[in-house]
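Structural description and commentary
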Amino acid sequence: MSDAKEDEFLRGSSRCAESAVPAKQTSERLWYNDSTSKLLAEEVLAIAQPNGKVACIGCPSVYQAVWKMKPSSICVLLLDNVKQFEHYKENYVFYDYNQPLDLPQEMERAFDIVVVDPPFLTEECLCKTALTTRYIAKDKILLCTGSSLQDTAVRLLNVRTLNFRPKHTQSMLNEYRCYTNYTPVILNS
């Protein structure tokens, strides 16, 4: 996506203003608990086609669960801002949400499903992460973020709120919700 298209997307998202409610910080990452990671991975694998491609933006616990459960024909990639995940080698891409389109060209519309958990609970962060998500997704998006960003998520990614509520290993001050732009197979069943 060109700089002009990125600017147009962000301008069209007029309420993409910075808020001050950080969801997680690099030094204190919030991880999904095992049952949430497993359920999200089951959903992803139910959607991914044989030889499918899955991208996990900012959700290493989902990446790890998908990796453990996936058939060898499915490719899974983690995009994250924590360099400790470099040991995943070709399955890891450093991701800075402030540079939402600083990605290899071959990632454009390359992923059958994108699971995304923006690193901060701000409209600005969600807007930029949504730009990345729309750039790399063929069509299916599974978003996990705070319920305070529901209106922004719906507007930017055309998602709807699921009944399923992701749980973390640590208690959260903010209510987390799950959103998809498709009819879920596992979640909500």
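Conventions adopted
- Residues numbered from 1 in each chain as written.
- Predicted model: local features only at pLDDT ≥ 70, side-chain atom pairs only at ≥ 80, totals over all residues.
- Heavy atoms only, no water.
- pLDDT = per-residue confidence, 0-100.
- Contact = heavy atoms within 4.5 Å.
- Pairing = 2+ DSSP bridges.
- Helix = DSSP H or I, 4+ residues; strand = E, 2+ residues; numbered from the N terminus.
- Axes fitted to C-alpha atoms, helices over the stretch in contact; angles between N-to-C directions.
- Core = buried A, V, L, I, M, F, W, Y, C linked by side-chain atoms within 4.5 Å.
- Buried < 20%, exposed > 50% of the residue type's maximum accessible area, 1.4 Å probe, protein only.
- Arc of directions from axis to C-beta.
- Salt bridge = Lys/Arg side-chain N within 4 Å of Asp/Glu carboxyl O.

With that out of the way, let us pick up the confidence of the model for the protein chain. Considering every residue of the protein chain, the mean pLDDT works out to 85; 82% of them sit at 70 or more. For the stretch residues 7-28, pLDDT sits under 50, and the model shows 46 contacts to residues farther than four places along the chain or on other chains.

What follows concerns the sheet that holds strand β2 (residues 75-80). Spatial ordering of the open sheet is given by β3-β2-β1-β4-β5-β7-β6, a layout of seven strands whose pairing is mixed. The open sheet has two edge strands, β3 (92-94) and β6 (160-161), and neither has a second partner. With two bridges connecting them, β6 and strand β7 (residues 176-180) associate as antiparallel partners. If you follow Thr161 over to β7, its bridge partner there is Tyr179. Its contacts with the sheet put helix α2 (residues 34-47) on β1 (53-57), β4 (111-116), β5 (137-146) and β7, and the angle it makes with β5 is roughly 170 degrees. Strands in contact with helix α5 (residues 150-157) are β5, β6 and β7; relative to β5, the strand with the most contacts, it is inclined by about 175 degrees.

This part is about the nonpolar core. Counting residues in hydrophobic clusters, the biggest one holds 62 residues, and the most contacted among them are Leu40, Leu79, Ile136 and Leu142. In terms of residue count, helix α4 (residues 123-136) provides more of this core than any other element does, seven residues in total. When near neighbours in sequence (up to four residues on either side) are disregarded, Ile136 contacts Ala55, Ile57, Leu103, Met107, Arg109, Ala110, Phe111 and Val114.

A few words on α5. Within the span of α5, buried status applies to Thr152, Ala153, Leu156 and Leu157. For α5, the angular spread of the buried residues around the axis is 100 degrees, confining them to a single face. Positioned one or two residues after α5, Asn158 has a phi angle of 55 degrees, which is positive.

Another point: the pattern of salt bridges. Inspection of every chain in the model, using the stated rule, returns six salt bridges. Among the salt bridges present, the one from Asp112 reaches Lys138, with a minimum N-O distance of 3.1 Å. On the criterion of sequence distance, the pair formed by Asp112 in strand β4 and Lys138 in strand β5 is long-range, its members being 26 residues apart. Here Asp112 falls in the buried class, since its relative accessible area comes to 15%.

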